[in-house]
Amino acid sequence: MRLRTKFLLVFFVLSLLLTGILALEFQSHRERVIDRAQADAEADAAVTATQLDERIEMGQQTLATAAEHPAIARHGSPAQTDRTDALVAQTDFDGVSVVNGTGALVAIGGVDSDARNRVVGSDFSDRGYVRRALAGEQYVSAPFQAATGNEIVVLSVPIRENGSVVGTLNAAIHLSNASFFASLPVADEETSVVVAADDRTLYRSSRMSGEFVVGHTTMETTGWNVSVGRDRATVLSDVRRLLYGQFLPTGVAFFLLFAFVAWLYRKDIRQVEKLLDGVGALERREYDRTVDLSGSAEWEQLDSAFGRLSNTLAERETMLLVLNRVLRHNLRNSLTVILGRATLIEDETDDEGTRRSAAEIRAAAEELGALSEKARMTEDLLTPAVETDHDPVDLSELARRVVGAYRLAGTDAEFHLTAPSSAPVRAGPEVERAVEELIDNVVEHAGDRPRIDLVVEREAETTTLRVADDGPGIPPDEQAILLGERRISQLHHSGGLGLWLVDWITNRYDGDLDIGCDDGTVVTLQFENAQL
């Protein structure tokens, strides 16, 4: 990477860092403002609820004091009626009534004589506030709609005479005319107060339109919900001023910066992407792909070098394929003749030495035939694994299947398999061939009746298949070549294609191959886990 590119990259990272700091500071300031507004709304709701609780408590105290007046206990008397009228005139109650011990309405204040005559004597024993007061409680009823259509709440206290409850004194407060909620301290143009009970709105100072920061609390005396909302737009006005004053100039500067980065992208970074796409095409064996790099002399040199590399790889693959196919074709034809002649000699000669020689020729020809088949598979492995469509491979099931096949074939080896019920990995069907090659290698080189241990171990992210034997082990030079620790030369090379196939198949699926020799050979294949 050139120094200019490094400088621009560092500059871009610093710009992003600065933008992030400004954004975090703005967000932090915004959250602080909203949190402060939320706290204020909660405090206002608490103040409002406290004030309403005090009004309820003052009403209960007034009513309890009035219930101690001697005239209140004289049911049906003119003095009782006069006292209820006086209570309505002297207090904020919208109506006062007296119910005797049997639940019958015996007096009502604040109404004319006709209305009084219509309701006096009515049975109020089923009213909850009457029953609670007759039981000796001071009670505040839930809001309800009276026969007059008014939304009311009733305060009730017991009337006692000689220590016994002889009736109830009840005061009605009309909620619909909002007198009870008048002069709440927080209601203004930017604040809305809502009082609700059982999902019914009892009072609303103003309609909450748009977004509000809302604080909630509950009244102690009635259990009503009190909500105070502050207009979110007003709350955030300071934040908006900060945004306009600080972020707009910063935004313009960063717009110019990003415009410069976009120009740099089109000029240089896009060239790198083209080159990476070209390399990916070479990995997919698309050797006719061009990258079309232009601009500075360095890009033109890379364009030329990429073209040469593509042509070289195409030629080498063509040579490999032609050599592979021609050799396999000629080998197959020649080996057919050799095998046929060797078998014929073996069957027709009476000379034991000649028969032995023919058998050796046939065995050598069969070995070359097997080698030819392995060479055919190397051609299949040229296709990148990403282009093949296959399901995950269950290493446990694969190991059981391979061991079972060798046992059925009557192999002299002694097999010991340890594997979980399932161990799916991200690999392809060629892995089975790799395991077979490992077992073939043991059967061929580990002596008479070798012991072969296959162990499948599944971990959090990978699964390992170990194939261990008690043979003489793979020569150190061959191990070093297979593991990439030593280059192939005339003096140092691998004795066959089998272990090479194992290595190529493992690498094809981004697996790991490891070989260890200590009282035998342990070959380990490791693949990334998958889900069946």
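Everything below is about the structure printed above this text.
Each chain has its residues counted from 1, following the order in which its sequence is written. At least 70 in pLDDT is required for a residue's local features to be given in this predicted model, at least 80 for side-chain atom pairs to be given and counted, and no such filter applies to totals for whole chains, interfaces and linings, which use all residues. To get the side-chain values, take all heavy atoms of the structure and skip hydrogens and water.

Peer 1: Give me the overall build of the protein chain: which residues, what numbers.
Peer 2: Looking only at helices and strands, the protein chain features twelve helices and 17 strands. Buried positions account for 38% of the 532 residues belonging to the protein chain. By definition in these notes, contact holds between two residues if any of their heavy atoms fall within 4.5 Å. The contacts in the protein chain between residues at least 6 apart in sequence include a share of 61% that link residues at least 24 apart. Only carbon and sulfur atoms are counted for the fraction: they give 52% of the accessible area of the protein chain, which is about 30400 Å². Helix numbers and strand numbers start at the N terminus; a helix is a DSSP run of H or I with at least 4 residues, a strand a run of E with at least 2. Exposure is judged per residue with a 1.4 Å probe applied to protein chains only, and the accessible area is read against the type maximum: over 50% gives exposed, under 20% gives buried, and values in between give partly exposed. Per-residue and other accessible areas were derived by the Shrake-Rupley procedure at a 1.4 Å probe size, with only the shown protein chains allowed to occlude residues.

Peer 1: Please give an account of the pattern of salt bridges that cites residues and values.
Peer 2: Salt bridge, as used here: a side-chain nitrogen of Lys or Arg that lies within 4 Å of a carboxyl oxygen of Asp or Glu. The final tally for this structure, using the stated rule, is twelve salt bridges. A single salt-bridge network, built from bridges that share partners, covers Glu 397, Arg 401 and Glu 432.

Peer 1: Summarise the packing of aromatic side chains; cite the residues concerned and give the values.
Peer 2: Planes of paired rings set the category: under 30 degrees apart is stacked, over 60 is edge-to-face and the rest tilted, where pairs are Phe, Tyr or Trp rings (Trp by its six-membered ring) whose centres lie within 6.5 Å. Scanning the entire structure with this criterion turns up two aromatic pairs. With 6.4 Å between their ring centres and 15° between their planes, Tyr 129 and Phe 144 make a pair best called stacked. Residue Tyr 129 is located in helix 4 (residues 128–134), and its partner Phe 144 is located in strand 4 (residues 144–145); the two are separated by 15 residues in the primary sequence. A residue is classified by how much of its surface remains accessible, and Tyr 129, at 8% relative accessible area, is buried.

Peer 1: Pulling in residues and values, what's your account of the packing of helix 9 (residues 395–408) against helix 10 (residues 430–445)?
Peer 2: Two elements in contact, helix 9 and helix 10, have axes separated by 10 Å at closest approach and are oriented at 45°. Relative to helix 10, the element helix 9 lies oblique. Crossing geometry of helix 9 relative to helix 10 is assigned as right-handed. Across from Leu 395, Leu 398, Arg 401, Val 402 and Tyr 406 in helix 9, the residues of helix 10 making contact are Val 431, Glu 432, Val 435, Glu 436, Ile 439 and Asp 440. Along the lines of polarity and charge, the residues of the contact of helix 9 with helix 10 split into seven nonpolar, no polar and four charged. In this description, a line fitted to the C-alpha atoms serves as the axis of each element, helices being fitted only across the stretch in contact, and the angle between N-to-C directions of two axes falls anywhere from 0 to 180 degrees. Should an angle fall under 35 degrees it is taken as roughly parallel, and over 145 as roughly antiparallel, whereas 65 to 115 is taken as roughly perpendicular and any remaining angle as oblique. Each crossing is labelled by how the near helix is turned from the far one, with a counterclockwise turn of less than a right angle marking it left-handed and a clockwise turn marking it right-handed. Note on residue categories: nonpolar means Ala, Val, Leu, Ile, Met, Phe, Trp, Tyr, Cys or Pro, charged means Asp, Glu, Lys or Arg, and polar means any other residue, Gly included.

Peer 1: Describe in detail the environment of Val 502, supporting the description with residues and values.
Peer 2: Along the chain, the position of Val 502 falls in helix 12 (residues 498–508). Look at Val 502 and you get buried, because its relative accessible area is 1%. Through-space distance from the C-alpha of Val 502 to that of Leu 438 is 7.6 Å; in sequence the pair is 64 residues apart. The contact partners of Val 502, leaving out residues within four places of it in the chain, are Ala 434, Glu 437, Leu 438, Leu 513 and Leu 525.

Peer 1: Give me helix 9: which residues, what numbers.
Peer 2: To estimate how far a helix should reach, multiply one less than its number of residues by 1.5 Å. In a regular helix each residue adds 1.5 Å, so 14 residues correspond to 20 Å; helix 9 covers 20 Å between its end C-alpha atoms and thus fits that length. Within helix 9, the full set of buried residues consists of Leu 395, Ser 396, Leu 398, Ala 399, Val 402, Val 403 and Tyr 406. Buried residues along helix 9 cover an arc of 165° about the axis, so they all sit on one side. Pairs of N or O atoms within 3.5 Å make up the polar contacts considered here, provided that, within protein, one atom can donate a hydrogen while the other can accept it, and that residues adjacent in sequence are counted only when both atoms are side-chain atoms. The opening residue of helix 9, the one whose side-chain oxygen lies 3.1 Å from the backbone nitrogen of Ser 396, is Asp 394. Looking at the residues trailing helix 9, positive phi occurs at Gly 410, about 75°. Here, the arc refers to the directions that run from the helix axis to the C-beta atoms.

Peer 1: If you had to explain the sheet that holds strand 17 (residues 521–528) to someone new, which residues and values would you point to?
Peer 2: On the basis of which strands lie adjacent, the open sheet formed by five strands has the order 12-14-15-17-16 and mixed pairing. Strands at the two margins of the open sheet, each flanked by one partner only, are strand 12 (414–418) and strand 16 (512–517). Across this sheet, the average inter-strand angle for adjacent strands is 15°, counted without regard to direction. Pairing between strands requires that DSSP locate at least two bridges from one strand to the other. By the bridge criterion, eight bridges tie strand 15 (residues 462–469) to strand 17 in an arrangement that is antiparallel. Considered in strand 17, the bridge of Thr 463 is made with Phe 527. Contacting strand 12, strand 14 (451–458), strand 15 and strand 17, helix 9 runs over the sheet at an angle of about 165° to strand 12.

Peer 1: Let's hear about the sheet that holds strand 10 (residues 225–231): which residues, and what values?
Peer 2: Strand order in this open sheet of four strands is 8-7-10-9, and the pairing throughout is antiparallel. The open sheet has two edge strands with one neighbour each: strand 8 (200–204) and strand 9 (212–218). Strand-to-strand twist across the sheet, computed as the mean angle between neighbouring axes with direction ignored, equals 25°. Note: strand 9 against strand 10, seven bridges, orientation antiparallel. Looking at strand 10, one finds that Val 214 is bridged to Gly 229.

Peer 1: Lay out the nonpolar core in plain terms, naming residues and giving numbers.
Peer 2: Nonpolar cores are built from buried Ala, Val, Leu, Ile, Met, Phe, Trp, Tyr and Cys residues. Side-chain atoms within 4.5 Å join them into one set. Counting 36 residues, the largest nonpolar core has Leu 169, Leu 175, Phe 180, Phe 181, Val 195 and Trp 224 as the members making the most contacts within it. With seven residues, helix 1 (residues 3–67) is the largest single contributor of residues to this core. If sequence neighbours within four positions are ignored, Phe 180 has contacts with Leu 52, Arg 55, Ile 56, Ile 173, Leu 175 and Trp 224. With 33 residues, the next largest nonpolar core counts Ala 413, Phe 415, Ala 427 and Ile 515 among its residues.

Peer 1: Lay out the pairing of strand 17 in plain terms, naming residues and giving numbers.
Peer 2: Here strand 16 runs beside strand 17; their pairing, made up of six bridges, is antiparallel. Among the inter-strand pairings, Asp 512 is bridged to a residue of strand 17, identified as Gln 526. Linking strand 16 to strand 17, which pair antiparallel, is a turn of three residues; within it Asp 519 sits at a positive phi near 60°.

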